[in-house]
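Fold and geometry: a report
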Amino acid sequence: MSKSVPAFLQDEVSGSVMSVYSGDFGNLEVKGNIQFAIEYVESLKELHVFVAQCKDLAAADVKKQRSDPYVKAYLLPDKGKMGKKKTLVVKKTLNPVYNEILRYKIEKQILKTQKLNLSIWHRDTFKRNSFLGEVELDLETWDWDNKQNKQLRWYPLKRKTAPVALEAENRGEMKLALQYVPEPVPGKKLPTTGEVHIWVKECLDLPLLRGSHLNSFVKCTILPDTSRKSRQKTRAVGKTTNPIFNHTMVYDGFRPEDLMEACVELTVWDHYKLTNQFLGGLRIGFGTGKSYGTEVDWMDSTSEEVALWEKMVNSPNTWIEATLPLRMLLIAKISK
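Residues numbered from 1 in each chain as written. Predicted model: local features only at pLDDT ≥ 70, side-chain atom pairs only at ≥ 80, totals over all residues. Heavy atoms only, no water.

**As for the pairing of strand S5 (residues 97-105)**
Put simply, the test is: Exposed residues in this analysis have more than 50% of their type's maximum accessible area, buried residues have under 20%, and partly exposed residues fall in between, with area computed by a 1.4 Å probe over protein chains only. By definition, any uninterrupted DSSP run of H or I lasting at least four residues is a helix, any uninterrupted run of E lasting at least two residues is a strand, and each is numbered from the N terminus. Here the rule is simple: two strands pair whenever DSSP picks up at least two bridges between them.
Every second residue of S5 is oriented toward a common face, the buried set being Tyr98, Glu100, Leu102 and Tyr104 and the non-buried set Val97, Asn99, Ile101, Arg103 and Lys105. Direction of pairing for strand S2 (residues 46-55) relative to S5: antiparallel, over a ladder of 7 bridges. Pairing of Glu46 across the sheet is with Lys105, part of S5.

Structure below.
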């Protein structure tokens, strides 16, 4: 790692940040069909997704006309670790047979607020994934009492649409303020390091994913550092879509040049029993697409997020306030 990277970010730029949408989109033709059935088992409070087979998939290996496909399932809008299930990989075929049941432990009233996304992927020898197509079912409008809906059915595979659809949804707003506080060093004219202060004031109009219940909190990470030492969070505030947090988080050790390379990721979560469901987030930085010379997908700040960061950098020792719309994020993988 280059010496230009500060100590608190060492080992973090080089590959620990991954997208939950990780994979290669668009290189392969989307074609073929998937056969599956879904059923909610009341006695177990489980959604069962029976993945039977696929046929006429695109060939990742064009010369030998074959792929190594597997099926991945998500319940949206929570596309985090808790919502991901997948089948085994079936090698060297365009017509894989799975006959596997993917199970989700979930209350039916929460399930009715979700969408089921099934995507097919080719996994190569180096464990890289290539997208082969997807199907999405809106479970809010699904007729659970219709016996025909419990039968196996063929669905045509479609191109990638989920991130765009999620992005369009209203996820509410966050009211916050940022401040950069340079730390003077005796005998030196210019400070060598400083602190970034993040004041999370409140959220407005958060989405309800499970009926009328909501128990939200905010988590903060300074990217590219995804280690546990980088994470801070607010307390959880329940029973409101407009939670007031008034929580300040402080991160030290920032050199002036680090402000060009780092990004403040703020994510809002709904805590329910043993799971946290993603509601929306912000990425506040310069949005250059790079960090310390490495291309990264998380340096993707919107124009409003960039404007807030620029004002903070140009106005040290001053609180800069903003109310920003929450959005879907490609969540960074947390390192130990």
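Next comes the rest of the account.
**What to know about a positive patch on the surface**
Our working rule: Residues enter a patch when their relative accessible area is above 30% and they make no salt bridge; the linking distance is 9 Å between like charges and 5 Å between nonpolar side chains (Val, Leu, Ile, Met, Phe, Trp, Tyr). To be clear on the numbers: accessible area is Shrake-Rupley with a 1.4 Å probe, and residue cover counts the displayed protein chains and nothing else. Any Lys or Arg side-chain nitrogen found within 4 Å of a carboxyl oxygen on Asp or Glu counts as a salt bridge. Residues scored as charged are limited to Lys and Arg (positive) and Asp and Glu (negative), so that His and the chain ends carry no count. For the purpose of locating charges, the reference atoms are NZ of Lys, CZ of Arg, CG of Asp and CD of Glu.
On the surface, Lys63, Lys64, Lys91 and Lys92 cluster together to form a positively charged patch. Turning to its location among the elements, Lys63 is positioned in the loop between S2 and strand S3 (69-76).

**Brief notes about the state of the cysteines**
This is how it is decided: We call a pair of cysteine sulfur atoms a disulfide whenever their separation is within 2.5 Å.
Taken as a whole, this structure holds 0 disulfides when the rule is applied. Not part of a disulfide, Cys220 finds its nearest cysteine sulfur in Cys263, a span of 9.6 Å. Its relative accessible area of 0% is what places Cys220 among the buried residues.

**Details of the sheet that holds S2**
Formally: Angular values range over 0 to 180 degrees, each being the angle between N-to-C directions of two axes fitted as lines to C-alpha atoms, with helices fitted over their stretch in contact.
The sheet built from 4 strands is open, its strands ordered S5-S2-S1-S8 with antiparallel pairing. The open sheet terminates on both sides in strands that have one partner only, identified here as S5 and strand S8 (153-156). With strand direction ignored, the average angle separating the axes of adjacent strands in the sheet is 30°. By the bridge criterion, 9 bridges tie strand S1 (residues 33-41) to S2 in an arrangement that is antiparallel. Each residue of the ladder has a partner; that of Ile34, found in S2, is Cys54.

**Some words on the pattern of salt bridges**
In this structure the tally under the stated criterion is 8 salt bridges. For Arg255, the salt bridge identified is with Asp258, shortest N-O distance 3.0 Å. Of the residues examined, Asp258 reaches a relative accessible area of 0% and is grouped as buried. Among the salt bridges present, the one from Arg327 reaches Asp300, with a minimum N-O distance of 3.3 Å. With Arg327 in the segment after strand S19 (320-325) and Asp300 in the loop between strand S18 (294-295) and helix H4 (303-314), the pair connects residues that are 27 residues apart, well separated along the chain. Exposure remark for Arg327: the relative accessible area of 9% places this residue in the buried category. In this structure, a network of salt bridges that share partners links the residues Glu265, Arg283, Asp300, Glu305 and Arg327.

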